[in-house]
Amino acid sequence: MRFAITMLCFIGIASVIGTILKQNEPYENYIIKFGQFWFEFFEAMGLYNVYQAFWFLLILIFLIISTSFCVSRNSPKILKEYKKFQLNARERSLKSFKHSYEIPVKKFSTSKLEKLLTENKFRLKKQTNKNGDLIISAKKGDLQKLGYIFTHLAIIIISIGGLMDGNLVLKMQELSGSKQIIYEDLALNDVPETGKLTNSNFSYRAQMLLREGEKQSVAVLKAKEGYFIQDLPFIVGLNDFRIEHYSTGQPKSFESDLIVEDKETGELIKKTINVNSPLTFNGITIYQSSFEDGGTELSLDVWNLHSAEETSKMESIIFKKNELVVNNQNYFFEFNDFRKFNILDIEIGNEKKPTNVGPSFIYKVRNESGQAKEYQTYQYPMIIDNSSYFVSGMRKTPQEDYQYLKLPADANGEINGFMIFRELLHSPQILNNAIKRVVAQSFPEGGEKSQIYFEGVDRVLSGFIEGGYSQIAESIDTTLPIEDQERIANSYIKIIFLVGKELITIYELNNIEADNFLFESNHKFVQESLTGFNDSFFYGLPIFLELKNYVHVQSSGLQLTKSPGQFWVYLGSILLVLGIFCMIYIQEVRLWILKKKDNKDILLALTTNRHRLEFDQFALKISQLMKKTFN
Amino acid sequence: MIFKKIFNYLFIVSMLMLPALGLFKFHQYMDYYEMFILVGTGLTFIWMSNYWQSFKYLVTSVLALSFISIFLYEGNLLSGEEQFILKYFLSSQSAIMWMCSLYPLSLLMYWFYLLKKQAFFGNFASQLTWIATAMGFIGLLVRWFESYLISIDVGHIPISNLYEVFVLFCLITALLHLYYEEKMNRKELGAFVLIIITVAVGFILWYTFSKGADAIQPLVPALQSYWMKIHVPANFIGYGAFAIAAMISIAYLLADKGILRSRLPSLIILDDLTYKAIAIGFIFFTIATILGAVWAAEAWGGYWSWDPKETWALIVWLNYAGWLHLRLVKGLRGPMLAWWSVIGLVITTFAFLGVNLFLSGLHSYGEL
Ligand code: HEM
């Protein structure tokens with residue numbers, strides 16, 4: 001018993017360690033956390049996967065053995081006790097019981113006594129001794145003792161079931177060298193035999209990532225930092241993967257339409273699985289466990305932000321790379337993810353509410369020197385502070401928050417309006433006209449002053465177009481006295497704004513059909529466009545990618561579990577509950593009645609192995625019943 | 001007497017009829033398990049109220065008031081803000097707030113009773129606890145209904161996040177307490193049991209007002225299972241019983257040191273009650289853990305994944321198995337076991353709350 005309890009304490013402590021130390025993380029995380037020395041020490045102790053560590057399994061085995069010994073030693077005794085009635089009780093010892101009653105009898109009848117006892121659920125045996133004394137031995141609640149066998153047998157069965165589902169066999173194979181973990185990314189054909197597990201593998205929990213429309217007949221079994229390839233007795237095909245959403249946008253269900261084909265018999269099964277309803281086939285259960293993008297195809301428009309260039313097209317696929325030359329610079333694109341739904345807290349009325357803002361795609365852009373920035377660009381405009389913007393986030397490291405570039409949507413909710421505006425800024429002829437119109441407002445009659453003014457405005461705008469407000473600010477800082485700086489800066493901003501407005505007016509005069517700027521007033525749009533244009537200098541990329549179209553392809557992450565021990569664990573669990581019920585709620589009672597030949601009265605004695613308050617009352621009740629019966 | 005008899009018959013009839021009516025009207029929305037749970041609930045209530053008359057009154061008033069509330073809603077969630085009775089009394093939020101204010105009050109009354117020994121205070125405290133419990137159950141039932149008013153697909157039983165299960169914890173602990181109180185016919189222990197309930201109420205209030213936790217959220221896919229309807233309540237019967245055991249153990253330890261000794265029940269009775277509470281808790285906790293394993297086998301792909309919550313459930317279980325061994329096998333009694341059961345509550349609380357706070361895992365339904 002002491003041994004078993006020590007083992008149990010060990011299991012308890014190990015379990016606690018397993019919950020405090022995050023299990024199965026990438027090893028780098030542990031190295032960062034503990035340093036090289038402790039990392040290796042903990043690794044040797046198997047602390048990154050406590051529950052599959054050798055010593056943990058060893059403790060489990062010891063527990064099974066010790067509990068088995070305990071049960072096998074005690075059970076025969078208990079079974080014997082079940083049959084045995086102690087008929088050799090002495091008067092003296094019965095009288096010494098705590099619950100012992102002398103009951104006066106007027107007219108004794110054995111059958112009445114037996115009836116009373118059986119009515120109270122006692123089993124009994126009686127015997128008349130040589131001296132003519134009648135002794136009755138009765139008992140009830142024997143199941144309490146069986147409870148001991150049930151619970152402890154249950155512990156054994158559950159532990160064995162658990163061990164069956166552990167990876168003990170694989171561990172042995174690893175030790176003997178017949179199986180080896182693969183640490184590199186290999187094509188299926190290149191995987192050596194030692195890295196493949198056949199169908200005969202007794203139990204496993206393996207993963208499979210399936211693209212829509214794809215089929216696979218092997219799964220991946222993760223092990224430490226590497227993996228094994230697990231062969232399956234069937235081929236799994238994914239027809240479709242769906243995510244459904246609540247109206248608030250939170251995910252409601254993940255579903256995969258599967259086709260499973262038995263390799264031997266060719267038997268086909270079609271089933272839709274989701275998170276709480278897996279598919280079991282040939283003893284292997286297939287679960288919906290995760291999902292990711294499966295290579296969505298994106299059709300993008302490439303807008304050059306810093307020239308009047310026409311748009312160009314770019315076709316890309318998630319997890320693929322693209323290369324692009326912009327303004328004589330090479331940019332390398334890695335498209336990493338596509339999200340069809342994005343739930344953000346958006347202000348609607350006066351309240352922030354989680355809202356689906358539509359698709360976005362996530363990509364990294366590397367320049368020639370290898371520096372990368374990460375971008376997340378949304379397809380549709382979002383409402384921010386009562387205006388509608390196309391939004392794209394940029395960050396330099398995954399730890400940072402995104403900084404957002406916001407380009408105003410035009411009157412049609414499209415990006416074209418802003419892009420026209422950008423094109424106008426970059427068209428010298430039109431810009432020149434606009435500046436002239438602004439100058440003419442201040443100097444209607446022209447002259448030399450107006451010429452000077454024109455040159456000043458022209459300079460301000462070239463500065464702005466080259467590098468945004470900060471470029472102008474720089475020249476103000478270096479050329480003007482401090483007390484004038486703010487005033488001049490404000491007047492420059494105003495001038496830029498006026499020119500912007502004139503640009504649009506000119507555009508509208510030349511394109512009477514155009515409806516991009518049919519706002520009540522262009523005022524706000526011009527201001528937002530200028531801000532957007534200015535921010536584009538901090539975007540880290542001279543182009544804006546607009547998502548025009550996509551073909552959504554998803555991958556479903558499946559888990560395949562072969563768990564032959566499950567049956568035993570469940571069986572053991574039922575036994576455990578039964579056993580605990582028996583032990584806790586059944587009161588074992590033993591009772592003796594001695595009727596001496598030469599005595600009218602009878603002697604009643606009761607005992608229980610566990611004294612409880614109720615037993616006092618029970619004993620009293622029985623004695624009173626007897627008194628009543630015989631009086 | 002005759003009224004009581006009629007009432008009892010009516011109770012049994014309605015416990016059979018209401019589920020039948022539910023089946024008749026709503027069977028197309030239910031799967032077999034849910035039908036089983038519905039009918040099983042009615043039968044369980046009949047069975048329980050056989051042992052416990054007061055339980056009948058509780059069930060009856062909770063159902064009656066919940067139906068009134070549902071009726072007053074007229075299918076419109078906004079009625080909860082506009083309709084007078086709903087706004088101040090029977091909307092789920094107000095009902096739960098009533099619960100939150102009445103439990104601390106009854107704690108106070110229990111202490112008056114413990115110190116003054118006037119029967120009036122004792123009875124008043126019990127009444128308050130009953131009413132608070134009824135309000136809490138009404139709150140949960142109406143919340144269930146409200147979740148369907150938000151949207152049919154959002155609707156779900158309100159035991160799916162930390163806020164809801166804390167309310168459940170208060171209710172179950174109070175019910176177990178009321179049961180023992182009535183069976184023992186002694187009211188002193190309320191002064192201790194209501195402490196833990198009041199602490200939980202404090203948490204609910206903090207959680208509501210600082211985190212807005214009372215908002216009804218739709219269920220994440222992993223929680224959409226009929227197993228939740230059995231697993232969670234079973235777990236909380238376990239937690240509630242362990243909490244009661246610990247509070248009675250505190251009373252035991254005080255009495256053992258001579259504090260309040262003359263006012264509390266005898267040490268033997270306290271010890272026996274602790275044992276009973278732990279026994280009940282152990283059974284339900286065992287069943288809950290097993291059901292959890294069965295559920296996990298269906299949702300996560302394995303009956304046991306050594307997820308922190310599972311692991312801590314095992315630790316709690318081993319702890320109380322140890323307690324029961326010492327008591328049943330070695331026949332140990334006394335302060336040491338009382339201390340053990342108090343520490344048991346600390347472990348249980350960690351499993352219940354600490355795991356959600358400090359450890360991550362698959363059981364991520366209730367984060368702060
Ligand atoms: C589930 C609740 C459990 C209860 C109620 C329970 C109850 C008992 C009882 C009453 C005995 C005494 C039997 C006798 O001596 O006649 C006993 C002994 C013992 N129990 Fe448990 N047990 C439980 C779980 C466990 C567990 C989980 C283990 C660990 C594997 C365990 C290991 C033992 C051992 C080793 C003995 C001593 C047997 C001997 O050496 O005689 N029990 N238990």
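Reading the values: the criteria
Residues numbered from 1 in each chain as written. Chains lettered and ligands numbered in written order. Predicted model: local features only at pLDDT ≥ 70, side-chain atom pairs only at ≥ 80, totals over all residues. Heavy atoms only, no water. Helix = DSSP H or I, 4+ residues; strand = E, 2+ residues; numbered from the N terminus. Rg over C-alpha atoms; globule rule 2.2 N^0.38 Å. Buried < 20%, exposed > 50% of the residue type's maximum accessible area, 1.4 Å probe, protein only. Areas by Shrake-Rupley, 256 points an atom, 1.4 Å probe, with all protein chains shown as cover. Lys, Arg positive; Asp, Glu negative; His and termini not counted. Charge placed at Lys NZ, Arg CZ, Asp CG, Glu CD. Donors = N, O, S within 2.8 Å, 3.2 Å for Na, K, Ca; no water. Tetrahedral: all angles 85-135°; square planar, octahedral: opposite > 155°, others 65-115°. Contact = heavy atoms within 4.5 Å. Buried area = accessible area lost by both parts, 1.4 Å probe. Salt bridge = Lys/Arg side-chain N within 4 Å of Asp/Glu carboxyl O. Polar contact = N/O pair within 3.5 Å; in protein donor to acceptor, adjacent residues only side chain to side chain. Near = heavy atom within 4 Å. Nonpolar A, V, L, I, M, F, W, Y, C, P; charged D, E, K, R; others polar. Pairing = 2+ DSSP bridges. Axes fitted to C-alpha atoms, helices over the stretch in contact; angles between N-to-C directions. Domains from an automatic or database assignment. Parallel < 35°, antiparallel > 145°, perpendicular 65-115°, else oblique. Left-handed = near helix turned anticlockwise from the far one by under 90°.

Draft legend 1. View of the overall build of chain B. Counting secondary structure elements, chain B contains 13 helices and 0 strands. For 368 residues, the compact-globule estimate of 2.2 N^0.38 gives 21 Å, and the C-alpha radius of gyration of chain B, at 21 Å, lies within 12% of that figure. With respect to the principal axes defined by its C-alpha atoms, chain B has extents near 60 × 55 × 40 Å. When burial is assessed residue by residue, chain B has 54% of its 368 residues classed as buried. Accessible surface computed for chain B: about 16,200 Å², of which carbon and sulfur atoms make up 71%. Within chain B, one finds 21 positive and 19 negative side-chain charges whose respective centroids are separated by 16 Å.

Draft legend 2. Seen up close, the coordination of the iron atom of the ligand. Protein coordination at the iron atom of the ligand: the donors are His152 of chain A (NE2) and His325 of chain B (NE2), at 1.9 Å from the metal. Taken together, the 6 donor atoms coordinating the iron atom of the ligand span angles of 81 to 179° at the metal, a pattern that classifies the geometry as octahedral. With one member in each of two chains, His152 of chain A in helix H6 (residues 143-165) and His325 of chain B in helix H12 (residues 308-328) form a pair that bridges those chains. On the accessibility criterion, His152 of chain A (12% relative accessible area) is buried. The class of His325 of chain B is partly exposed, set by a relative accessible area of 29%.

Draft legend 3. The interface of chain B and chain A, seen in detail. Contacts between chain B and chain A engage 49 residues on the former and 46 residues on the latter. Approximately 3,800 Å² of surface area, both sides summed, lies buried where chain B meets chain A, with 64% of it carried by carbon and sulfur atoms. Contact with chain A buries surface across chain B, with Pro221, Tyr303 and Trp306 of chain B losing the most and accounting together for 17% of the total. Here chain B is connected to chain A by 2 salt bridges. With its nearest N and O atoms 2.4 Å apart, the salt bridge here joins Glu614 of chain A to Lys276 of chain B. At the junction of chain B and chain A, the tally comes to 19 residue pairs in polar contact (both at pLDDT 80 or more). Elements with a minimum of two residues in the side of chain B that touches chain A: helix H11 (267-299) and H12 of chain B. When residues of the side of chain B that touches chain A are assigned to their parent elements, the largest contribution, 18 residues, is made by H11 of chain B.

Draft legend 4. Structural detail: the site of the ligand. Around the ligand lies a shell of 16 residues, among which Cys70, Asn74, His152 and Met583 of chain A together with His325 of chain B are the nearest. The ligand sits at a junction of chains, with neighbouring residues supplied by chains A and B. The separation between an oxygen atom of the ligand and a polar side-chain atom of Arg73 of chain A is 3.0 Å. Asn74 of chain A is positioned such that a nitrogen or oxygen atom in its side chain is 2.9 Å from an oxygen atom of the ligand. At the level of elements, helix H1 (2-20), helix H3 (54-83) and H6 of chain A together with H12 of chain B are the ones that each hand at least two residues to the shell around the ligand. With 5 residues, H3 of chain A is the largest single contributor of residues to the shell around the ligand. Taken together, the residues of the shell around the ligand break down into 11 nonpolar, 4 polar and 1 charged.

Draft legend 5. The sheet that holds strand E26 (residues 602-608) of chain A, seen in detail. Residues and elements named next belong to chain A. Taken in spatial order, the 5 strands line up as E1-E26-E25-E3-E2 in an open sheet, and their pairing is antiparallel. Only two strands of the sheet have a single partner each, and these edge strands are strand E1 (99-103) and strand E2 (123-128). Each adjacent strand pair in this sheet contributes to an overall mean axis angle of 15°, direction not counted. The pairing of E2 with strand E3 (residues 134-140) spans 6 bridges and is classified as antiparallel. By the bridge assignment, Arg123 is partnered in E3 with Lys139.

Draft legend 6. Molecular detail of the domain arrangement of chain B. Residues and elements named next belong to chain B. As assigned here, chain B comprises domain 1 (58-213) and domain 2 (220-368). Here the C-alpha centroids of domain 1 and domain 2 sit 22 Å apart. In this assembly, 32 residues from domain 1 lie in contact with 35 residues from domain 2. Between domain 1 and domain 2, a total of about 2,800 Å² is buried, with carbon and sulfur atoms accounting for 85% of that surface. The interface formed by domain 1 and domain 2 holds 0 salt bridges in total. Our count for the contact surface shared by domain 1 and domain 2 stands at 3 residue pairs in polar contact (both at pLDDT 80 or more). Listing elements by their share of the side of domain 1 that touches domain 2, those giving two or more residues are helix H6 (92-116), helix H8 (162-184) and helix H9 (190-211).

Draft legend 7. Representation of the pairing of E3 of chain A. All names here are of chain A. Of all 7 residues making up E3, 7 are buried, and the element is well covered by its neighbours. Along E3, one buried face is formed by Leu134, Ile136, Ala138 and Lys140 and the opposite face, lined by Ile135, Ser137 and Lys139, is buried too. Adjacent in sequence and paired antiparallel, E2 and E3 are bridged by 5 residues, among which Gly132 carries a positive phi angle near 90°. With 7 bridges joining them, E3 and strand E25 (residues 589-595) adopt antiparallel strand pairing. Each bridged residue has a counterpart across the sheet, and for Ile135 the counterpart in E25 is Leu594.

Draft legend 8. Representation of the packing of H8 of chain B against helix H10 (residues 227-256) of chain B in the model. All names here are of chain B. For the pair H8 and H10, interaxial distance at closest approach is 8 Å and the crossing angle is 55°. With respect to H10, the element H8 is oriented oblique. In terms of crossing hand, the pair formed by H8 and H10 is right-handed. Counting all contacts with H8, which are made through Val165, Leu168, Phe169, Ile172, Thr173, Leu176 and His177, the residues of H10 involved are Val232, Pro233, Phe236, Ile237, Tyr239, Gly240, Ala241, Ala243 and Ile244. Tallied by class, the residues present in the contact of H8 with H10 amount to 13 nonpolar, 3 polar and no charged.

Draft legend 9. Here's a closer look at the pattern of salt bridges. For the coordinates displayed, the defined rule picks out 32 salt bridges over all chains. Asp142 of chain A is paired through a salt bridge with Lys139 of chain A; the nearest N and O atoms lie 3.7 Å apart. With a relative accessible area of 8%, Asp142 of chain A lands in the buried category. Here Glu188 of chain B makes a salt bridge to Arg186 of chain B, at a shortest N to O gap of 3.0 Å. Put simply, Glu81, Lys145, Glu588 and Arg590 of chain A are held in one network by salt bridges that share partners.

Draft legend 10. Unusual backbone geometry, seen in detail. Although it is not a glycine, Lys224 of chain A adopts a positive phi angle of roughly 45°. Looking at the secondary structure, you find Lys224 of chain A in the loop between strand E6 (215-223) and strand E7 (226-245). Judged by relative accessible area, which is 58%, Lys224 of chain A ranks as exposed. In this structure, Leu260 of chain B takes a positive phi of about 60° despite not being glycine. Following the sequence through the fold, Leu260 of chain B ends up in the loop between H10 and H11.

Draft legend 11. The arrangement of the packing of helix H1 (residues 2-26) of chain B against helix H2 (residues 32-51) of chain B in detail. Residue and element names in this part refer to chain B. As a packed pair, H1 and H2 sit with axes 9 Å apart at the nearest point and diverge in direction by 175°. In terms of orientation, H1 lies roughly antiparallel with respect to H2. For the pair formed by H1 and H2, the contact residues are Phe11, Ile12, Met15, Leu16, Pro19, Gly22 and Leu23 on the first element and Met35, Leu38, Val39, Gly42, Leu43, Phe45, Ile46 and Ser49 on the second. Within the contact of H1 with H2, the residues separate by chemical class into 12 nonpolar, 3 polar and no charged.

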